[in-house]
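# Descriptive analysis of the structure
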Amino acid sequence: MVTPENASHGQYFSVHPQTPDVRRALHVTLRGHEMDVESSHGVFSMNRVDLGTSVLLRHAPLPPAHGRFLDLGCGWGPIALTLSKESPDAQVVGVDVNERAVELTVSNAQRNDCKNVSAFTPDGLPEGLTFDLIWSNPPIRVGKAELHALLLRYLALLNADGDAYLVVQKNLGADSLKSWLEQTLNPRERADAPPEWDIEKTASSKGFRILHLHRNAAGNDGREVEVTSSQSQKHETEHLAI
C-alpha cells in the first residue's frame, strides 16, 4: 500500500532509497510481544505497523516451533520479529529489495534479542535455502508482472507440506490474485494429477484478504514454478498494538 508518508519519502521498493536515512523510534506490540524498533524514510510504513501487516498478524496461525521461515518483503521487520518471538528455535529470514529495510530488520532483531533472524536483499540470499513457512505482505504496487515473478520465485522455495500466508488488499486485486495463483500453480494440463497446491481464502478483515497456500507433499517433485509471458503482466515514539 502506498501511503502519504511513502509518497513523500520515496518508493519503499527502491533498492537504494534516495531520501535521508532519518531514524524514527517506535514502540510496538506484535501479537502480545512488546518491542522497541526503528524505522526510517524510504522504508514501507515508517510511522507504524501498516494495516495489512496487522491483519496478517491477527489472523495467521501460530507458526511451527522449528523450521526455516521467510518474511517476504520484510520492511523494517514486524513480521520477522513476530515469527522470531513465537518460534525462537526456528530460523527466520527476511528478504527485501530495499537495502535500508534489510539493515533495519537486522538492527531491530538485535535490539529485541531476536537471535534467530537474518535478512538479505534478493541477490544476497544464500543459495540453496528452502522454507517451511512464508508470511508476506507483498508489494502489490510494484505492478502485476513484477509481483507475479516475485511470488513465483519464492513460492518455488517452499518445502513440501509447507505453508504460505499472504495478505492482500481486496480492492487491489486479492481475489484475482487468488485465481491467478490457482491457474498458474495447478496447471490444467495436470488436472488428472493431485494438485500440488491447495489455495484458499482463510480470512477477510478491514478490506484485506488472507490467502493460504499449502504445498502438498504428493505434488511436489522438485520442479521450479514457472510463468509464461501471457501469464505475467529526528526520533519520535508512539505505541502501537496489534
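Residues numbered from 1 in each chain as written. Predicted model: local features only at pLDDT ≥ 70, side-chain atom pairs only at ≥ 80, totals over all residues. Heavy atoms only, no water.

### Considering the nonpolar core
Cut-off, in case you're wondering: Buried residues of nine kinds, namely Ala, Val, Leu, Ile, Met, Phe, Trp, Tyr and Cys, make up a nonpolar core once their side-chain atoms join them within 4.5 Å. Accessibility here uses a 1.4 Å probe with only protein chains present; expressed as a share of the type maximum, an area under 20% marks a residue as buried, one over 50% as exposed, and anything in between as partly exposed. Strands here are runs of E lasting at least two residues and helices are runs of H or I lasting at least four, both read from the DSSP assignment and numbered beginning at the N terminus. The criterion used for residue contact is that any of the two residues' heavy atoms lie within 4.5 Å.
Formed by 31 residues in total, the largest nonpolar core has its most connected members in V28, L56, W76 and W135. Secondary-structure elements contributing two or more residues to this core are β1 (23-30), β2 (33-40), α2 (51-59), α3 (78-86), α4 (99-111), β6 (131-136), β7 (158-169) and β9 (208-215). It is α3 that contributes the most residues to this core, four residues altogether. Ignoring sequence-local partners within four residues, the contact set of L56 consists of I79, W135, S136, N137, Y165, V167 and I210. Counting residues in hydrophobic clusters, the runner-up holds 28 residues, among them F131, I134, Y154 and A174.

### Some words on the confidence of the model for the chain
We apply this condition: One confidence number per residue, pLDDT, is output by the predictor and ranges from 0 to 100.
Counting all residues, the mean pLDDT for the chain is 85, and 81% of those residues have values of 70 or more. Overall, residues 1-10 carries pLDDT values under 50, and its contacts beyond four positions in sequence, including any with other chains, amount to 25 contacts. A low-confidence stretch, residues 220-242 (pLDDT under 50), is modelled with 61 contacts involving residues beyond four sequence positions or located in other chains.

### Notes on unusual backbone geometry
Look at S45: it is not a glycine, yet its phi comes out positive at around 50 degrees. Within the secondary structure layout, S45 lies in the loop between β2 and α2. Given a relative accessible area of 3%, S45 falls into the buried group.

### Brief notes about the environment of G207
Relative to the assigned elements, G207 resides in the loop between β8 (197-205) and β9. With near-sequence residues (within four places) excluded, G207 lies in contact with V168, Q169 and K170.

### What about the side chain of R209?
This is how it is decided: N or O atoms within 3.5 Å of each other form a polar contact, as long as, within protein, one can give a hydrogen and the other can take it, and as long as residues adjacent in sequence are counted only when both atoms are side-chain atoms.
On the secondary structure map, R209 appears in strand β9. In terms of polar contacts, R209 uses its side chain to reach the side chain of D175, at 3.0 Å. Residue contacts for R209: discarding those within four places in its chain leaves L166, V167, V168, K170, A174, D175, K201, A203 and S204.

### What to know about the environment of R31
Relative to the helices and strands, R31 is located in the loop between β1 and β2. C-alpha of R31 to C-alpha of E86: the two residues are 55 residues apart in sequence and 8.9 Å apart in space. A polar contact of 2.7 Å, which involves the side chain of R31, links it to the backbone oxygen of L57. Here E86 takes part through its side chain, which lies 2.5 Å from a polar atom of the side chain of R31.

### Describing α4
Selection rule: Here a helix's expected span is defined as the number of its residues, less one, multiplied by 1.5 Å.
Spanning 13 residues, α4 covers 18 Å between terminal C-alpha atoms, matching the ideal 18 Å at 1.5 Å per step. Taken residue by residue, α4 has R100, A101, V102, L104, T105, S107, N108 and A109 as its buried positions. Those residues of α4 that are buried lie in contact with β1, β2, α3 and β5 (117-120). Near the N-terminus of α4, the side chain that reaches the backbone nitrogen of R100, with its oxygen 2.9 Å away, is that of N98. Immediately beyond the C-terminal end of α4, within one or two residues, lies D113, with a positive phi of roughly 60 degrees.

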